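# A closer look at the structure
One-letter residues, chain by chain:
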Amino acid sequence: MSDLHAAALPSVGPGQILPFAATRHPDKIGLVVGDRRLTYRELDHLSDGVAASLRARNIGPGDVVSLYGQNSAEWIVSYHGALKAGAVVNPVNVMLTGPELSYVLSDCGAKAVFAGSAQADTVEGALQAVTSVELFCVFDGPSGAHENAVPWAEFLDSASDTSTTPTPTPKVTPKDLCCIGYTSGTTGNPKGAMQTHQAVLLNCALTATMHGRLDDDIVVTALPAAHVYGNVAINSTFLAGGTVVLMDRFNAAHALRLIGTESATMFEGVPAMYSMIMADPSFETAELSSLRKSTIGGQTFSPSLAERWQARVAGPVLELWGMTEISGLGTTHSVYTPPVPGSIGVSLPGIEIKIGPIDGSLSEVPVGTPGELMVRGPLVMLGYYGRPDATAEVLSPDGWLRTGDVAYVDDTGHFFVVDRLKDMILTAGYNVYPAEIERVISSHPQVTMVAIGKRPDEVKGEVAVAYIVAAPDSDLDATIISEYCRVHLAAYKRPREVVFVDALPTTSSGKLMRRKLTELDPTFTR
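Residues numbered from 1 in each chain as written. Predicted model: local features only at pLDDT ≥ 70, side-chain atom pairs only at ≥ 80, totals over all residues. Heavy atoms only, no water.

## What about the pattern of salt bridges?
In the structure shown here, the tally under the stated rule is 18 salt bridges. The partner of K84 in a salt bridge is D48, with the nearest N and O atoms 3.0 Å apart. Within this pair, whereas K84 is found in helix α3 (residues 73-84), its partner D48 is found in helix α2 (residues 40-56), the two being separated by 36 residues in sequence. Judged by relative accessible area, which is 1%, K84 ranks as buried. A residue is classified by how much of its surface remains accessible, and D48, at 8% relative accessible area, is buried. We note a salt bridge from R376 to E352, for which the minimum N-O separation is 3.0 Å. (Salt bridge = Lys/Arg side-chain N within 4 Å of Asp/Glu carboxyl O. Helix = DSSP H or I, 4+ residues; strand = E, 2+ residues; numbered from the N terminus. Buried < 20%, exposed > 50% of the residue type's maximum accessible area, 1.4 Å probe, protein only.)

## A few points about the side chain of N235
Following the sequence through the fold, N235 ends up in helix α8 (residues 228-240). Those residues within four positions of N235 in sequence are excluded, and the remaining contacts are I17, Y79, H80 and C204. (Contact = heavy atoms within 4.5 Å.)

## Points about the nonpolar core
F267, W309 and L504 are the most contacted members of the largest nonpolar core, which totals 69 residues. Once you skip the residues sitting within four places of it in the chain, W309 turns out to touch F267, Y274, I277, M278, F283, L291, S294 and V317. Grouped together as the second largest cluster of nonpolar side chains are 46 residues, V33, C137, L201 and L239 included. (Core = buried A, V, L, I, M, F, W, Y, C linked by side-chain atoms within 4.5 Å.)

## Considering the sheet that holds strand β2 (residues 36-39)
In a beta sheet, neighbouring strands pair by backbone hydrogen bonds and run either parallel or antiparallel. Here we have 9 strands laid out as an open sheet, ordered β2-β1-β11-β10-β12-β13-β14-β15-β16, and mixed in their pairing. Each having just a single partner strand, β2 and β16 (346-347) make up the two edges of the open sheet. One ladder, built from 4 bridges, connects strand β1 (residues 29-33) with β2; its direction is antiparallel. Its bridge partner being in β2, I29 is matched across the sheet by T39. Against the sheet, α2 touches β1 and β2, its axis set at about 85 degrees to β2. (Pairing = 2+ DSSP bridges. Axes fitted to C-alpha atoms, helices over the stretch in contact; angles between N-to-C directions.)

## Points about the state of the cysteines
Under the definition given, this model contains 0 disulfides. C204 forms no disulfide, and the closest cysteine sulfur to it belongs to C178, at a distance of 9.3 Å. Overall, C204 belongs to the buried group, its relative accessible area being 0%. (Disulfide = S-S within 2.5 Å.)

## What to know about the environment of D216
Looking at where D216 falls in the secondary structure, it is placed in the loop between α7 (197-210) and β10 (218-221). In this structure D216 comes out as partly exposed when scored by relative accessible area, which is 41%. Between the C-alpha atoms of D216 and V65, which are 151 residues apart in sequence, the distance is 32 Å. Those residues in contact with D216 that sit more than four places away from it in its chain are K28, T265 and R292. Here R292 takes part through its side chain, which lies 2.7 Å from a polar atom of the side chain of D216. (Polar contact = N/O pair within 3.5 Å; in protein donor to acceptor, adjacent residues only side chain to side chain.)

## Looking at unusual backbone geometry
Backbone geometry at N58 places phi at a positive 60 degrees, although glycine is not the residue there. Mapped onto the elements, N58 comes out in the loop between α2 and β3 (64-68). Positive phi, normally seen in glycine, also occurs at D473, with a value near 65 degrees. By the secondary structure assignment, D473 is in the loop between β25 (461-470) and α14 (478-488). Residue classification places D473 among the exposed positions, given a relative accessible area of 85%.

## Description of the environment of L329
Mapped onto the elements of the fold, L329 is located in strand β15 (residues 328-332). Using a relative accessible area of 2% as the deciding quantity, one classes L329 as buried. Separated by 47 residues in the primary sequence, L329 and R376 have C-alpha atoms spaced 13 Å apart. Non-local contacts of L329, meaning those with residues more than four positions away in its chain, are made with N203, T207, H211, V232, L320, W321, G322, L348 and L379.

If you want it as structure tokens, here you go:
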């Protein structure tokens with residue numbers, strides 16, 4: 001372990017992660033994307049070039065740099081390069097439309113935008129309504145394909161001396177603004193959660209600790225780098241000196257191949273990814289023996305999902321919970337502790353978590369009683385950018401963040417998420433949680449994926465509707481599902497209708513988008 005002391009541990013922010021890793025493991029492969037394999041020395045050097053080129057264009061401390069594209073090596077080094085230049089990073093969901101992108105760029109006052117070639121047209125259209133952007137850089141694609149864009153190679157040539165003189169990271173403090181991450185905007189416009197350098201770095205460090213990440217770990221993931229879960233998965237691995245095998249987008253068969261060919265020790269994903277992997281014909285024969293741990297987060301899932309995975313994969317499945325407003329994880333399991341199936345784990349070290357009443361007061365509810373999950377500590381955001389009103393709605397004067405998740409805690413300190421408060425279905429006076437129904441239905445062997453939505457009802461107020469992706473070649477029908485629910489669920493919780501679909505709407509990170517389920521139902525009327 002002597003190499004741990006060869007460089008000072010990062011103490012200020014994520015801009016120190018690559019220099020730290022490059023000092024310890026200069027010639028080790030840190031990132032694999034497609035055919036590209038980059039050592040830590042190369043990642044550090046490339047991000048120095050980004051920082052120097054930004055500074056050459058007078059983009060630096062306090063300026064917002066937006067990143068809008070699929071996972072790529074350029075995305076990763078631009079993120080770190082922007083931080084080294086002292087800029088504030090704004091990772092943007094690649095699924096945003098032009099008008100949505102215009103809103104985000106204008107709201108945070110972005111000064112630079114980096115994008116993949118597939119997103120360049122959207123950016124060009126969005127910039128017509130944005131006045132703050134001075135630099136638009138395209139990662140790949142033919143030079144000159146976009147009139148207002150600077151090609152990646154030309155941008156890096158903006159500072160010619162980066163090969164001999166790395167750009168030093170401007171002085172920042174742990175509490176300075178590091179990142180503005182926008183929420184999904186399920187109601188109204190998205191809000192920009194302001195994250196500090198301390199919050200982002202600490203989340204990566206605590207995650208690496210809880211998951212036992214080591215310098216020999218090889219992590220396969222398709223989690224979007226722009227999402228806090230993906231950001232922490234990538235940068236906590238860099239912090240430990242491991243290797244990240246990053247897919248540009250998720251494909252179940254390709255993920256299985258990568259686990260085998262790269263001898264991956266760890267896979268990270270959301271429940272939908274695991275469901276699709278286990279539904280893939282190659283799952284039963286894939287080479288998975290190198291895996292020694294897996295993580296799953298972003299949404300509640302059926303314990304049967306983990307059981308099916310662990311029937312083929314050794315090592316624990318570490319369920320976790322997090323959100324944009326806390327820069328990533330808030331709870332998880334330690335790789336070294338006994339499993340507690342169905343739990344999202346315990347709070348990260350030094351983070352306070354409690355269960356408060358659903359009515360909005362700040363007291364605590366008894367052990368085992370569902371209430372609203374609340375978080376306090378150094379991971380909590382500074383607030384929503386330019387939105388003191390929205391900040392006051394979720395952040396109390398003494399620092400407690402209301403998460404909007406319904407959960408309970410047991411007597412060992414393990415937390416269990418019941419559902420999102422806004423997704424709760426009120427039927428005939430009963431509170432019905434879609435995630436509970438999803439856990440039951442997803443345990444049926446012929447169900448690949450399921451999501452529960454709600455529909456207005458004149459008698460009961462609201463009723464549950466199940467949207468199901470059946471396993472290939474199954475004989476599943478609504479009667480079979482109804483009978484399965486009758487055995488496992490109380491009458492008031494059972495879906496009143498079953499709709500079979502080919503696919504379910506998901507976010508870029510693979511989370512179910514329940515608010516879009518009605519678009520799959522031709523019988524739905526408002």
